[in-house]
Amino acid sequence: MKALKKLLDIIDKASTSHVLSKQEIISLLSTDRIDGQLFHAADRVRAAYVGDEVHLRGLIEFSNICKQNCLYCGLRWENTAVRRYRLQPETIIEFAAKAKDYGYKTIVLQSGEDEFYTVDKLQQIITGIKKLDLALTLSIGEKTRAEYQAYRQAGADRYLMRIETTDAGLYSALHPGMSLENRKGCLLDLKDLGYEVGTGCLVGLPNQSVESLAEDILFFKELDADMIGLGPFIPNEATPLKDAKGGTFEASLKVMAITRLLLPDANIPATTAMETLNKNGRIIALQSGANVAMPNVTEGEYRQLYALYPGKICINDTPAHCRGCITGKILSIGRKISEEYGYRKKNTVV
Ligand code: 5AD
Ligand code: SF4
Ligand code: FES
């Protein structure tokens with residue numbers, strides 16, 4: 001009884017002060033007794049700070065070519081089992097124009113770390129999309145500060161780059177040739193350059209502890225991230241982690257709910273990977289702290305080839321179908337689709 005009361009007190013404290021110690025986060029992550037209360041608390045904080053509107057971001061997966069070798073990812077350089085593609089700048093702009101016709105206000109351009117897209121090419125793409133009067137988010141990995149600055153000057157508004165894990169040992173084991181310090185430096189550069197910055201982590205990586213997940217959440221808070229994307233690690237047959245256990249839907253939902261309590265005004269998506277593990281995953285996430293959805297607006301066969309992990313949803317669907325599908329889901333739970341660009345509104349209680 002006493003232990004339960006203590007856990008509920010931690011949820012109350014987080015709901016009002018938006019601060020928790022590492023030990024308090026660990027105690028929430030280490031039990032499933034208070035999951036219902038935790039999800040409700042995150043839903044209430046979401047409603048109070050960011051309201052009932054759900055922001056839709058149209059995701060264009062424009063190249064599956066990547067020079068990195070992250071052990072968990074199907075796009076890793078050494079994976080020869082995936083047919084690679086890259087879209088030309090004109091095609092990317094055309095997909096963005098179509099997404100605008102479907103009613104999207106924000107476009108997210110995502111790719112592997114593909115050096116084909118020089119600063120010149122990206123400037124062309126960014127300028128073309130900004131002319132359409134859309135908010136633009138980039139998710140194209142680690143670049144130099146000068147490159148980030150050039151994209152920003154061309155008009156890019158936001159940048160997503162998950163830290164993946166803040167556990168230094170785990171980070172270096174999973175990311176050959178990459179460094180946690182460099183990745184953190186990129187996020188700080190992006191902030192400094194005036195981007196809205198998104199980060200996040202994978203949940204359920206091999207050897208990932210609840211301590212390290214607590215550190216991840218505290219990292220989001222310390223960075224004061226504008227957006228936080230969280231999802232379960234899903235083992236991919238074509239990677240060295242094919243026999244790993246993988247994360248669960250519930251664990252990633254918990255990390256997300258605690259993140260909402262600590263960053264009450266952040267934009268938090270209900271992620272595709274969550275829906276891959278649970279057919280109502282995005283709806284449940286939207287009722288446990290999330291306020292954003294990122295439907296795929298990539299046209300044609302490409303979405304099948306953007307094979308980060310198996311079972312990815314929507315790979316045979318069209319942008320029009322996904323738009324209708326997600327709208328139906330959001331309205332079915334009494335929420336609304338935002339008509340705004342969906343920038344973070346800091347510290348406002350609705
Ligand atoms: N399972 C779940 N998410 C994955 N990602 C990459 N590989 C996997 C996987 N096997 C995620 C990473 C990356 C994002 C684009 O996709 O977190 O940041
Ligand atoms: Fe490349 Fe990103 Fe996949 Fe790593 S996670 S291999 S950087 S696409
Ligand atoms: Fe793509 Fe539902 S969002 S099929």
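## As for the site of ligand 1
Link 1 in the chain: The environment of ligand 1 is formed by Tyr-72, Cys-73, Gln-110, Arg-162, Glu-164, Leu-202, Pro-232, Phe-233, Ile-234, Leu-308 and Tyr-309.
Link 2 in the chain: Within the contact set of ligand 1, a nitrogen atom lies 2.9 Å away from a backbone nitrogen or oxygen of Tyr-72.
Link 3 in the chain: Here an oxygen atom of ligand 1 sits 2.6 Å away from a polar atom, N or O, in the side chain of Glu-164.
Link 4 in the chain: For ligand 1, the protein covers 87% of the area, taking 410 Å² as the surface of the free molecule.
Link 5 in the chain: For the shell around ligand 1, the per-class residue count stands at 8 nonpolar, 1 polar and 2 charged.

## Observations concerning the site of ligand 2
Link 1 in the chain: The environment of ligand 2 is formed by Cys-66, Gln-68, Cys-70, Tyr-72, Cys-73, Arg-76 and Gly-112.
Link 2 in the chain: Here the shell around ligand 2 is composed, by residue class, of 4 nonpolar, 2 polar and 1 charged.

## Points about unusual backbone geometry
Link 1 in the chain: One non-glycine residue with positive phi stands out, namely Asp-133, at about 65 degrees.
Link 2 in the chain: By the element assignment, Asp-133 lies in the loop between helix 5 (119-130) and strand 3 (135-139).
Link 3 in the chain: Residues other than glycine seldom take positive phi values, yet Asp-224 does so here, at roughly 55 degrees.
Link 4 in the chain: Secondary-structure assignment places Asp-224 in the loop between helix 9 (210-223) and strand 6 (227-232).
Link 5 in the chain: Asp-224 sits in the partly exposed class, given a relative accessible area of 25%.

## Brief notes about the nonpolar core
One recurring pattern in soluble globular proteins: nonpolar side chains tend to sit buried together.
Link 1 in the chain: By size, the foremost hydrophobic cluster in this structure holds 101 residues, and its most contacted members are Leu-109 and Tyr-151.
Link 2 in the chain: Looking at which element gives the most residues to this core, the answer is helix 10 (residues 249-262), with 8 residues.
Link 3 in the chain: The residues contacting Tyr-151, other than those within four sequence positions of it, are Val-119, Leu-122, Ile-126, Leu-138, Ile-140, Lys-143, Ala-156, Tyr-159 and Tyr-195.

## Quick notes on helix 2 (residues 22-29)
Side chains three or four residues apart in an α-helix point the same way, a direct result of the helix having 3.6 residues per turn.
Link 1 in the chain: Taken together, the buried positions of helix 2 are occupied by Glu-24, Ile-25, Ile-26, Leu-28 and Leu-29.
Link 2 in the chain: Next to the buried residues of helix 2 lie helix 1 (2-17), helix 3 (35-50), helix 9 and helix 10.

Cut-offs used in this document
Residues numbered from 1 in each chain as written. Chains lettered and ligands numbered in written order. Predicted model: local features only at pLDDT ≥ 70, side-chain atom pairs only at ≥ 80, totals over all residues. Heavy atoms only, no water. Near = heavy atom within 4 Å. Polar contact = N/O pair within 3.5 Å; in protein donor to acceptor, adjacent residues only side chain to side chain. Areas by Shrake-Rupley, 256 points an atom, 1.4 Å probe, with all protein chains shown as cover. Nonpolar A, V, L, I, M, F, W, Y, C, P; charged D, E, K, R; others polar. Helix = DSSP H or I, 4+ residues; strand = E, 2+ residues; numbered from the N terminus. Buried < 20%, exposed > 50% of the residue type's maximum accessible area, 1.4 Å probe, protein only. Core = buried A, V, L, I, M, F, W, Y, C linked by side-chain atoms within 4.5 Å. Contact = heavy atoms within 4.5 Å.

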